[in-house]
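# A structural walkthrough
Read off the chains here:
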Amino acid sequence: MNVSLRQLRIFVTVAQVHSFSRAGDVIGLSQSAISHSVKELERQCGVRLLDRTTREVVMTEAGQQLAARLERLLDELNSTLRDAGRVGQQLSGTVRVAASQTISAHLIPQCIAQSNLRYPEIDFVLHDRPQQWVLESIRQGEVDFGIVIDPGPVSDLQCEVVLSEPFLLLCREDHPFSQMPQVPWQALDGERLVLQDYASGSRPLIDAALARQHIAAQIVQEIGHPATLFPMVEAGIGISVLPALALPLPQGCHLAVKPLTPVIDRRLMLVQRKKRSLSGAAQAIWEVVRAQAHCLTQARIHDPLFNVPDADQT
């Protein structure tokens, strides 16, 4: 039996108003369309449901029983659909977000604070993990979404760029580079570098930048946590390349940060599973992260670290 929900709604309306024309006015269809739909339903059921007269439509016994049961079923269906809509739109519950360490330390706290103000019924839970763990947790559905450094081509994930920022040079205040307004990447050739290891999404981008500039730098230490870069460089072990989001420098340190030229950016992305819808609460938090990334971009407009003269961006 191939009966549509539309046919059932039409039949119940006819049963309620006892007229094809009035049912057509209620539903917004022509009288002939109403009549055709009821005839098709009768054909599918194999029984006459209505007796037509010149003045009115009268239910047969089978039609009366069917109409009575359908009214209850359609009311329950409407209630179920309304409940489903409320669940999808509710701004409460738990939203799990994964991000790598630098992002977690320097962008997410503002996002959580803003979420707590705007959506007090949403519990924002952060999973602070290396980038590959973040990507895998998104794929496995262990988190609602994540914020990562551009992972490159990924066919199973939906990515949205929310922030682009440059890589910067970190050195001691007594290093010759600290006296330069900006430092060419080429100047790093032969220098001792302290870099994050490959758990960081930034490391492949830094390696690619060094390779494009044909720089033979000496990597003397590879560390896991970005905060370890500062004491390593301050101790004179080497200089470093770090993303802008790793700033500000620790208070009281004797370090300097300089723009690198040509400017090479990394992109931060909101990432979710492709073809999977976010809940209303998760979508709200997604928008909070996007807005906070935009605020950070606006705050950097007049900072000289982020405004290297065009002549050097070649």
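All figures in this text were calculated on a predicted structure; none of them were measured in a lab.

On to the layout of surface pockets. Computed from the structure, the largest pocket encloses a volume of approximately 240 Å³. Along its surface, the largest pocket is lined by 13 residues, and A244, L247, P248, L296 and R300 are the ones closest to its centre. Grouping the amino acids of the lining of the largest pocket by side-chain chemistry returns 8 nonpolar, 3 polar and 2 charged. Taken as a whole, the second largest pocket spans an internal volume of roughly 180 Å³. Lining the second largest pocket we find 13 residues, and of these S164, E165, P166, D265 and F306 sit closest to its centre. Per-element tally for the lining of the second largest pocket: the top contributor is strand β6 (residues 157–172), with 3 residues.

Moving on: the domain arrangement of the protein chain. Partitioning the protein chain into domains gives domain 1 (5–85), domain 2 (93–162 + 268–300) and domain 3 (163–266). Averaged C-alpha coordinates put domain 1 and domain 2 at centres separated by 48 Å.

Relative to the assigned elements, S19 resides in the loop between α1 (5–17) and α2 (20–27). Residues S19 and L50 lie 31 residues apart in sequence; the distance between their C-alpha atoms is 11 Å. Ignoring any residue separated from it by four or fewer positions in sequence, one finds S19 in contact with V14 and V57. A distance of 3.2 Å separates a polar atom in the side chain of S19 from the backbone nitrogen of R22.

Another aspect to go through is the packing of aromatic side chains. Under the defined criterion, the tally for this structure stands at 1 aromatic pair. Measuring from ring centre to ring centre gives 5.3 Å for F145 and W286, while their planes differ by 65°; the resulting arrangement is edge-to-face. In this pair, F145 sits in strand β5 (residues 145–149) while W286 sits in helix α10 (residues 280–299), placing the two residues 141 residues apart along the sequence. Of the two residues, F145 and W286, both sit in the buried class. One cation-aromatic arrangement involves R129 over W133; the distance from NZ or CZ to the ring centre is 4.9 Å.

Further remarks concern empty space enclosed by the protein. On inspection of all chains with the given rule, the structure shows 1 cavity of 30 Å³ or more. Considered as a void within the structure, the largest cavity measures approximately 50 Å³ in volume. L195, Q196, S200, S202, R203, I206, L229, V241, L242 and P243 together form the lining of the largest cavity. When residues of the lining of the largest cavity are traced back to their parent elements, those giving at least two are β8 (192–196), α8 (202–212) and β10 (240–243).

What follows is about the nonpolar core. Grouped together as the largest cluster of nonpolar side chains are 27 residues, with contacts concentrated most on V95, I103, F145, I147 and I285. When contributions to this core are tallied by element, the ones reaching two or more residues are β3 (93–99), α6 (108–118), β4 (122–128), β5, β6, β12 (265–273) and α10. Here this core takes 8 residues from α10, the largest share from any one element.

This paragraph deals with the pattern of salt bridges. Following the criterion strictly, the structure yields 12 salt bridges and no others. Taking the shortest distance from any N to any O, the salt bridge between D207 and R203 comes out at 2.9 Å. Here D207 pairs with R203, and both are found in helix α8, just 4 residues apart, close to one helical turn. What makes D207 partly exposed here is its relative accessible area of 23%. Note that R290 and E287 form a salt bridge whose closest N and O atoms lie 2.5 Å from each other. Within this pair, R290 and its partner E287 are both found in helix α10, separated by 3 residues, close to a single helical turn. Relative accessible area serves as the criterion here: at 31%, R290 is assigned to the partly exposed category.

About the cut-offs
- Residues numbered from 1 in each chain as written.
- Predicted model: local features only at pLDDT ≥ 70, side-chain atom pairs only at ≥ 80, totals over all residues.
- Heavy atoms only, no water.
- 1 Å grid on protein atoms, 1.4 Å probe; cavity = no way out; pocket = protein on both sides within 12 Å on 5 of 7 lines; lining within 4 Å.
- Points joined across faces, edges and corners; volume = space filled by probe spheres on them.
- Nonpolar A, V, L, I, M, F, W, Y, C, P; charged D, E, K, R; others polar.
- Helix = DSSP H or I, 4+ residues; strand = E, 2+ residues; numbered from the N terminus.
- Domains from an automatic or database assignment.
- Contact = heavy atoms within 4.5 Å.
- Polar contact = N/O pair within 3.5 Å; in protein donor to acceptor, adjacent residues only side chain to side chain.
- Phe/Tyr/Trp six-rings, centres within 6.5 Å; stacked < 30°, edge-to-face > 60°.
- Buried < 20%, exposed > 50% of the residue type's maximum accessible area, 1.4 Å probe, protein only.
- Lys NZ or Arg CZ within 6 Å of the ring centre and 35° of its normal.
- Core = buried A, V, L, I, M, F, W, Y, C linked by side-chain atoms within 4.5 Å.
- Salt bridge = Lys/Arg side-chain N within 4 Å of Asp/Glu carboxyl O.

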